[in-house]
Amino acid sequence: MARFIFVTGGVVSSLGKGLTAASIGALLQARGYKVLLRKLEPYINVDPGTMSPFQHGEVFVTDDGAETDLDLGHYERFTGVTTTCHDAISTGRIYSEVITKERRGDYLGATVQVIPHITDEIKRSILVNSEDVDFVIIEIGGTVGDIEGLPFLEALRQLRNDLGFNNTLSVHVTLVPYIPTAGELKTKPTQHSVKELQSKGIQPDILLCRSDREIGVEERRKLALFCNIKPECVIEGLDVPTIYQVPISYHQQGLDTEVCKHFGLDALTSPDLSIWEKISSAVKKPEGEVTIAVVGKYTSLVDAYKSLNEALVHGGIANRVKVNLEWIDAEEFEEGGQTALIEKLGHVHGILVPGGFGKRGTDGMIVAIEFARKRNIPFFGICLGMQMTVLEAMRNMAGLEAADSTEFNEKTNAPVIAMLTEWMRGELLQRHQADGDMGGTMRVGAYDCAMTKGSKVAEIYGKDLISERHRHRYEVNATFAEELEKEGLRVTGTSPDGELPEIVEREDHPWFVAVQFHPEFKSRPFKPHPLFASFIEAAIHQERLI
Ligand code: GLN
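Definitions and limits used
Residues numbered from 1 in each chain as written. Predicted model: local features only at pLDDT ≥ 70, side-chain atom pairs only at ≥ 80, totals over all residues. Heavy atoms only, no water. Helix = DSSP H or I, 4+ residues; strand = E, 2+ residues; numbered from the N terminus. Rg over C-alpha atoms; globule rule 2.2 N^0.38 Å. Buried < 20%, exposed > 50% of the residue type's maximum accessible area, 1.4 Å probe, protein only. Contact = heavy atoms within 4.5 Å. Areas by Shrake-Rupley, 256 points an atom, 1.4 Å probe, with all protein chains shown as cover. Lys, Arg positive; Asp, Glu negative; His and termini not counted. Charge placed at Lys NZ, Arg CZ, Asp CG, Glu CD. Pairing = 2+ DSSP bridges. Axes fitted to C-alpha atoms, helices over the stretch in contact; angles between N-to-C directions. Near = heavy atom within 4 Å. Polar contact = N/O pair within 3.5 Å; in protein donor to acceptor, adjacent residues only side chain to side chain. Nonpolar A, V, L, I, M, F, W, Y, C, P; charged D, E, K, R; others polar. Salt bridge = Lys/Arg side-chain N within 4 Å of Asp/Glu carboxyl O. Left-handed = near helix turned anticlockwise from the far one by under 90°. Core = buried A, V, L, I, M, F, W, Y, C linked by side-chain atoms within 4.5 Å. Patch = residues over 30% accessible without salt bridge, like charges linked within 9 Å, V, L, I, M, F, W, Y side chains within 5 Å. Right-handed = clockwise from strand over helix to strand, strands pointing away.

Colleague: What is the right way to look at the overall build of the protein chain in this model?
Modeller: Secondary structure assignment for the protein chain yields 19 helices and 25 strands. Relative to the compact-globule value of 24 Å for 546 residues, the protein chain shows a C-alpha radius of gyration of 25 Å, a close match. With the C-alpha coordinates of the protein chain rotated into their principal frame, the extents come out at 75 × 60 × 45 Å. Among the 546 residues that make up the protein chain, the fraction classed as buried is 56%. Here the analysis covers contacts within the protein chain between residues at least 6 apart in sequence; of these, 72% occur between residues at least 24 apart. Approximately 22700 Å² of the protein chain is accessible, and the part contributed by carbon and sulfur atoms is 50%. Separation between the mean location of the 57 positive side-chain charges and that of the 78 negative ones in the protein chain comes to 5 Å.

Colleague: Sorry if this is basic, but what is going on with the sheet that holds strand 7 (residues 168-175) here?
Modeller: In sheet architecture, strand pairing relies on hydrogen bonds along the backbone and comes in two forms, parallel and antiparallel. Taken in spatial order, the seven strands line up as 5-2-6-1-7-10-11 in an open sheet, and their pairing is parallel. Only two strands of the sheet have a single partner each, and these edge strands are strand 5 (88-90) and strand 11 (234-238). The sheet shows a mean angle of 20° between the axes of neighbouring strands, direction not considered. One ladder, built from three bridges, connects strand 2 (residues 35-41) with strand 5; its direction is parallel. Its bridge partner being in strand 5, Lys-39 is matched across the sheet by Ala-88.

Colleague: Teacher, can you tell me more about the site of the ligand here?
Modeller: Every residue lining the ligand is accounted for by Gly-355, Gly-356, Phe-357, Cys-383, Leu-384, Gln-387, Glu-407, Arg-471, His-472, Arg-473, Tyr-474 and His-518. Here a nitrogen atom of the ligand sits 2.8 Å away from a polar atom, N or O, in the side chain of Glu-407. The backbone of Arg-471 places a nitrogen or oxygen atom 2.8 Å from a nitrogen atom of the ligand. The fraction of the free accessible surface of the ligand (290 Å²) that becomes covered by protein chains is 99%. Looking at side-chain class alone, the shell around the ligand contains four nonpolar, five polar and three charged residues.

Colleague: Would you mind going over the pattern of salt bridges with me for this structure?
Modeller: Pairing between side chains of opposite charge can happen when the charged atoms of each approach one another. The final tally for this structure, using the stated rule, is 40 salt bridges. For Asp-162, the salt bridge goes to Lys-123, with nearest N and O atoms at 2.8 Å. Note that Asp-162 is positioned in helix 6 (residues 150-163) and Lys-123 in helix 5 (residues 114-127), a separation of 39 residues in sequence. Among the residues examined, Lys-123 registers a relative accessible area of 11% and is labelled buried. As a salt-bridge pair, Arg-490 and Glu-507 come within 2.5 Å of each other at their nearest N and O atoms. Linking Arg-490 in strand 23 (residues 489-494) with Glu-507 in the loop between strand 24 (501-506) and strand 25 (512-515), this pair joins segments that are 17 residues apart in sequence. Overall, the relative accessible area of 58% leaves Glu-507 in the exposed class. One network of salt bridges, with partners in common, ties together Lys-39, Glu-41, Asp-69, Asp-71 and Glu-139.

Colleague: Honestly, unusual backbone geometry in this entry has me stumped. Any pointers?
Modeller: Trans peptide bonds make up most of the peptide bonds, and negative phi angles are found at most residues other than glycine. Cis rather than trans, the peptide bond between Ile-115 and Pro-116 has omega equal to 10°. Mapped onto the fold, Pro-116 is located in helix 5. The backbone of Arg-320 sits at a positive phi, close to 55°, despite the residue not being glycine. With respect to the helices and strands, the residue Arg-320 is situated in the loop between helix 12 (306-319) and strand 13 (322-329). Positioned with a positive phi, Asn-376 is a non-glycine residue whose angle comes to about 60°.

Colleague: Looking at this structure, how should I read the packing of helix 4 (residues 91-104) against helix 5?
Modeller: Axis angle and axis distance: for two packed helices, these are the angle between their axes and the distance between the axes, and together they describe the pair. Close contact between helix 4 and helix 5 brings their axes to 10 Å; oriented N to C, the two are set at 115°. In the packing of helix 4 onto helix 5, the handedness of the crossing is right-handed. In contact with Ile-94, Tyr-95, Glu-97, Val-98 and Lys-101 of helix 4, helix 5 contributes Val-114, His-117, Ile-118, Glu-121, Ile-122, Arg-124 and Ser-125.

Colleague: How should the nonpolar core be read in this particular structure?
Modeller: For soluble globular proteins, nonpolar side chains are generally found buried alongside one another. Counting 58 residues, the largest nonpolar core has Ile-5 and Leu-28 as its most contacted members. The dominant element in this core, judged by the number of residues it contributes, is helix 1 (residues 17-30), at eight residues. In contact with Ile-5, other than residues within four places in its own chain, are Ile-24, Leu-28, Phe-135, Val-136, Ile-137, Ile-138, Leu-169, Val-171, Val-259 and Phe-263. In terms of nonpolar packing, the next biggest core, distinct from the first, is built from 39 residues, Val-348, Ile-366, Phe-371 and Ala-514 among them.

Colleague: Would you take a moment to explain a nonpolar patch on the surface for this structure?
Modeller: Together, Tyr-95, Ile-99, Val-114 and Ile-115 make up a nonpolar patch on the protein surface, roughly 340 Å² of accessible area in all. Of all the secondary structure elements, the ones that give two or more residues to the nonpolar patch are helix 4 and helix 5. When you line up the elements, Ile-115 lands in helix 5.

Colleague: I tried to follow the packing of helix 12 against helix 19 (residues 530-540) on my own but got confused; where do I start?
Modeller: With their axes 8 Å apart at the nearest point, helix 12 and helix 19 run at an angle of 65° to one another. Handedness of the crossing formed by helix 12 with helix 19: right-handed. Residues Leu-308, Ala-311, Leu-312, Gly-315, Gly-316, Ala-318 and Asn-319 of helix 12 pack against Phe-532, Ala-533, Phe-535, Ile-536, Glu-537 and Ile-540 of helix 19. Class assignment of the residues belonging to the contact of helix 12 with helix 19 gives a composition of nine nonpolar, three polar and one charged.

Colleague: Whenever I open this one, the pairing of strand 12 (residues 289-296) confuses me. Can you help?
Modeller: Consecutive side chains of a regular strand alternate in pointing toward one face of the sheet and then the other. Buried residues dominate strand 12, accounting for seven of its eight residues. Pairing of strand 12 with strand 13 involves eight bridges; the strand directions are parallel. If you follow Ile-292 over to strand 13, its bridge partner there is Leu-325. A crossover connection joins strand 12 to the parallel strand 13 through helix 12; in handedness this β-α-β unit is right-handed. Across three bridges, strand 12 lies against strand 14 (residues 350-353) in parallel orientation. Across the sheet, Val-294 pairs through a bridge with Leu-352, a residue of strand 14.

Colleague: What is the right way to read the sheet that holds strand 16 (residues 404-405) from this model?
Modeller: On the basis of which strands lie adjacent, the open sheet formed by three strands has the order 16-17-22 and mixed pairing. With one partner strand each, in any of the chains shown, strand 16 and strand 22 (474-476) form the two edges of the open sheet. Two strands pair when backbone bridges link them, and strand 16 and strand 17 (residues 415-419) are joined in this way by two bridges, in the parallel orientation. Pairing of Asp-404 across the sheet is with Pro-415, part of strand 17. Packed onto the sheet, helix 16 (residues 384-397) meets strand 16, strand 17 and strand 22 and runs at close to 155° relative to strand 17.

This is how it looks when you write it as structure tokens:
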């Protein structure tokens, strides 16, 4: 049977619970165990697919097409384990399951209640498909004390009883702040947070205390005493120069040793942390640097492009360079003319236009793409970025000024980017209605893409058939492919049936590739994505035309 580790948080949000859960996973893997990571989300949305990236950050997409929280991205990047729709469980999803069962009559006339019906559904979701792993690590979103989180904590309390205390472990992540006027680290917020957790019937076994400086012996003793925890189970979580050092730093603090001791497993043998040492040294001791401009829509919130950010760092790791990112709101290029372009893009080694929704900023993206094309600056377009690359070629080169996407202009008579209502997924016909609910109109999840032999992308990937993750409603209209090719923009990747353009590239440019999918979701620090590695390599060697 799998052992279960629950990760809760207290005092404030944004303490890096997701990274903690992911790092525990990485450390257990480094000891040879098989792990699975899951996130419980207290919000009422069924999934974050319909939430604004400004509010919620990136929507991370799984192979099987679930739209999930960005923490699942951390889980995949730290463990390499492919997440599934079972690994993101929101209150909205739990309730919708329970209500469906109630309507079906599954509860045989019972009054449906939070306890036991909602908590049973939460427990079922935690346990599903967990038979084949040694550890399931469950992160609970939000902080203890949130009203929305109560049913989840109650389910954890019950599960610890159901499964036995030796088979479960509770890790609580808190903040130990430094108060300059007192010149002291304060343990009281942590004490209160643990009391709150205890009032729900959960005694934490390990405290992970985030702090900006070392936690002294005296404070540790106090935390252990007041929180009813062994002193060696008070783990210090200091800020580190790169997130990829977190597993090493937690290991040095004894985190995985305490986890193993709790479960009665061998704690004496050291884990093999060589991959994390290699990655951290590549990030901390780069041999050069490049600057990449990301010209997008949600640039004011870095979390909105979390996986993209990390994939670019991975591209740097592959080439042993530091990648400086400059986030530019595409709207800035809509009015500023050449002066704004030179000022913002004059010094960069590469330009990337990422995904996004809605018209705002898209004209600015097209201006940036034209700049990259004409000046031989390495260019990478992703999803909306690919669609805008195609519009740039059609408007500025093929002379079809009216070229548009039906996302921005439903009535356009030049629908170069348009919504399809049917497409193939392997052998299966997929369908969506343009007037269906928002959650149901996306092409989302992993799809195969066949590449043209001899193309730049086939060479970069080193194969002809790939599988990448998608999340979009609109597609490049294949009837324009010939026209695009005349302008030097070749479609070099399509769905296996040839119907949906997936990749475009230019041969007359040092590095100019745009893709309909999101390659950033599959990049790992220990296995940088080939497109990002190649893009950064091109940025290092770029010779722009002024
Ligand atoms: N808005 C575009 C579409 O829906 C692109 C989506 C994206 O970039 N993820 O097709």
